[in-house]
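Now for the letters of each chain:
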Amino acid sequence: MADISAKAVNDLRAKTGAGLMDCKRALVESNGDHAVAADLLRKKGIASAVKKADRSAQEGIVTSYIHLGGKVGVLIEVNCETDFVAKTDEFQMVAKDICMQIAAASPLFVAREQVPAELIEKEKEIAAAQVVGKPAPAIEKIVQGKIDKWYSTVCLLEQPFVRDQSKTVKEFIAEAIARTGENIVVRRFVRYAIGD
């Protein structure tokens, strides 16, 4: 077993935002490998976020972000479980980061469940027309792959996070849930751009 120093634990905590004991356990489990420990903490954070997903999130904030000298603006409602967490700098920074994501990546919906069925069918027709002549089972898989790729452009939670392309917005929020200990939900947003 690797000798885990307090500095190594603090460095991992600074990088991930996880608790000290969680960082120490992850470093012990990974034999002191920071990259593996960070991945373990991310997986743990996502697992704990899944457990909290059913909890009611009725508090929160409405916040905004203006970009490009007033050319693009976003208004967003992000909810959590308590007013106490809603007032923390951490929660407000999460909301601001999501606002910047929306300004930069122009999603149309929060999640795939919000996409109208007729829009999905239209995208499936377009995708199927692009793969004419292939065997039916192959067409079905290719179309589903194209639809999943399309979701990752139009659905906020499925987009690569602009500040760290190695994770999705959903994973970024899951990490914030693990740090705050509360469910966090993006309820709705509006993106304005000059000329749109």
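A brief look at the structure comes next. Throughout, a residue's number is its position along its own chain's written sequence, starting from 1. Reporting of local features is limited, given that this is a predicted model, to residues whose pLDDT is at least 70; pairs of side-chain atoms are given and counted only at 80 or more, and all residues count toward the totals for whole chains, interfaces and linings. Side-chain figures throughout are based on the complete set of non-hydrogen atoms in the structure, without hydrogens or water.

Focus on the overall build of the protein chain
The following threshold applies: A run of DSSP states H or I qualifies as a helix once it reaches four residues; a run of E qualifies as a strand once it reaches two. Both are numbered from the N-terminal end. Buried means the residue's accessible area, taken with a 1.4 Å probe over protein chains only, is under 20% of the maximum for its type, while exposed means over 50%, and partly exposed covers the values in between. Residue contacts are counted whenever heavy atoms from the two residues lie within 4.5 Å of one another. For every accessible area listed, the method is Shrake-Rupley and the probe measures 1.4 Å; residues are considered covered only by the protein chains on display.
Along the backbone of the protein chain there are 8 helices and 5 strands. For the protein chain, the spread of C-alpha atoms along the three principal axes comes to 60 × 45 × 35 Å. Taken across its 196 residues, the protein chain has 37% of its residues classed as buried. For the protein chain, restricting intrachain contacts to residue pairs at least 6 apart in sequence, the fraction spanning at least 24 positions comes to 60%. Put simply, the protein chain shows about 11,500 Å² of open surface, and 55% of that area lies on carbon and sulfur atoms.

What about the nonpolar core?
Side chains of nonpolar character tend, in soluble globular proteins, to be buried together. Threshold: In these notes, a set of buried Ala, Val, Leu, Ile, Met, Phe, Trp, Tyr and Cys residues joined through side-chain atoms within 4.5 Å is what counts as a nonpolar core.
Ile 76, Phe 91, Ile 98 and Ile 173 are the most contacted members of the largest nonpolar core, which totals 27 residues. Sorting the residues of this core by element identifies β1 (59-67), β2 (72-80), α4 (83-86), α5 (89-105), α8 (169-180) and β5 (185-193) as the ones contributing at least two each. Ranked by residue count, the leading element in this core is α5, at 7 residues. The next biggest cluster of nonpolar side chains, apart from the first, holds 11 residues, and it includes Val 115, Ile 120, Val 154 and Cys 155.

Some words on α8
Just so we agree on the cut-off: The span you would expect from a helix comes to 1.5 Å times its residue count less one.
Between its first and last C-alpha atoms α8 spans 16 Å; for 12 residues at 1.5 Å apiece the expected length is 16 Å, and the two agree. Residues of α8 that are buried include every one of Val 169, Phe 172, Ile 173, Ala 174, Glu 175, Ala 176, Ile 177 and Thr 180, and no others. Two residues or fewer after α8 comes Gly 181, characterised by a positive phi angle close to 80 degrees.

A word on the pattern of salt bridges
The test is simple: A carboxyl oxygen of Asp or Glu within 4 Å of a side-chain nitrogen of Lys or Arg is what we treat as a salt bridge.
Within the structure shown, the criterion is met by 9 salt bridges. Between Asp 11 and Lys 7 there is a salt bridge; the shortest N-O distance is 2.9 Å. With Asp 11 and Lys 7 both in helix α1 (residues 6-16) and 4 residues apart, the pair spans about one turn of that helix. In this structure, Arg 188 and Glu 77 form a salt bridge, with 2.6 Å as the shortest nitrogen-oxygen distance. Of this pair, Arg 188 sits in strand β5 while Glu 77 is found in strand β2, placing the two residues 111 residues apart along the sequence. We classify Glu 77 as buried; its relative accessible area is 17%.

Concerning the packing of aromatic side chains
Put simply, the rule is: Note on aromatic contacts: the rings of Phe and Tyr and the six-membered ring of Trp form a pair at centre separations within 6.5 Å, being stacked when their planes are under 30 degrees apart, edge-to-face when over 60 apart, and tilted otherwise.
Tallied over the entire structure, the rule returns 2 aromatic pairs. With centroids separated by 5.5 Å and ring planes inclined at 40 degrees, the aromatic side chains of Trp 150 and Tyr 151 adopt a geometry described as tilted. Assessed through its relative accessible area of 13%, Trp 150 is described here as buried. Plain terms: the ring middles of Phe 161 and Phe 172 are 4.2 Å apart, the flat faces sit at 15 degrees to each other, and that makes the pair stacked. Residue Phe 161 is located in strand β3 (residues 160-161), and its partner Phe 172 is located in helix α8; the two are separated by 11 residues in the primary sequence. Per residue, the accessibility class of Phe 161 equals that of Phe 172, and both read buried.

As for the sheet that holds β1
Operational definition: Two strands make a pair as long as DSSP finds a minimum of two bridges between them. Axis lines are fitted through C-alpha atoms, for helices just across the contact stretch, and the angle between N-to-C directions can take any value from 0 to 180 degrees.
One open sheet accounts for 3 strands, arranged β1-β2-β5; its pairing is antiparallel. Bordering the open sheet on either side are β1 and β5, each of which pairs with just one other strand. Pairs of neighbouring strands in the sheet enclose a mean axial angle of 10 degrees, with direction left out of account.

Notes on the packing of helix α6 (residues 117-129) against helix α7 (residues 136-154)
Packed helices, taken two at a time, are described by their axes: the angle between them and the distance between them. Note the cut-off: What sets the label is the angle itself: under 35 degrees gives roughly parallel, over 145 gives roughly antiparallel, 65 to 115 gives roughly perpendicular, and the rest give oblique. Left-handed is the label given to a crossing in which the near helix is rotated counterclockwise from the far helix by less than a right angle, and right-handed is the label when the rotation is clockwise. Any residue that is not Ala, Val, Leu, Ile, Met, Phe, Trp, Tyr, Cys, Pro, Asp, Glu, Lys or Arg is counted as polar, Gly included; the first ten are nonpolar and the last four charged.
Closest axis-to-axis distance for the α6/α7 pair is 9 Å, and the angle between their directions is 130 degrees. Looking at the two axes, α6 sits oblique to α7. Of the two elements, α6 crosses α7, and the hand of that crossing is right-handed. For the pair formed by α6 and α7, the contact residues are Leu 119, Ile 120, Glu 123, Lys 124, Ala 127 and Ala 128 on the first element and Val 143, Lys 146, Ile 147, Trp 150 and Tyr 151 on the second. Tallied by class, residues from the contact of α6 with α7 come to 8 nonpolar, no polar and 3 charged.

Thoughts on a nonpolar patch on the surface
Where we set the bar: For patches, a residue must show more than 30% relative accessible area and have no salt bridge; joins then use 9 Å for like charges and 5 Å for nonpolar side chains, namely Val, Leu, Ile, Met, Phe, Trp and Tyr.
A cluster of nonpolar residues, Val 62, Leu 75, Val 190 and Tyr 192, forms a patch on the protein surface that exposes about 380 Å² of accessible area. As for its placement among the helices and strands, Tyr 192 is situated in strand β5.

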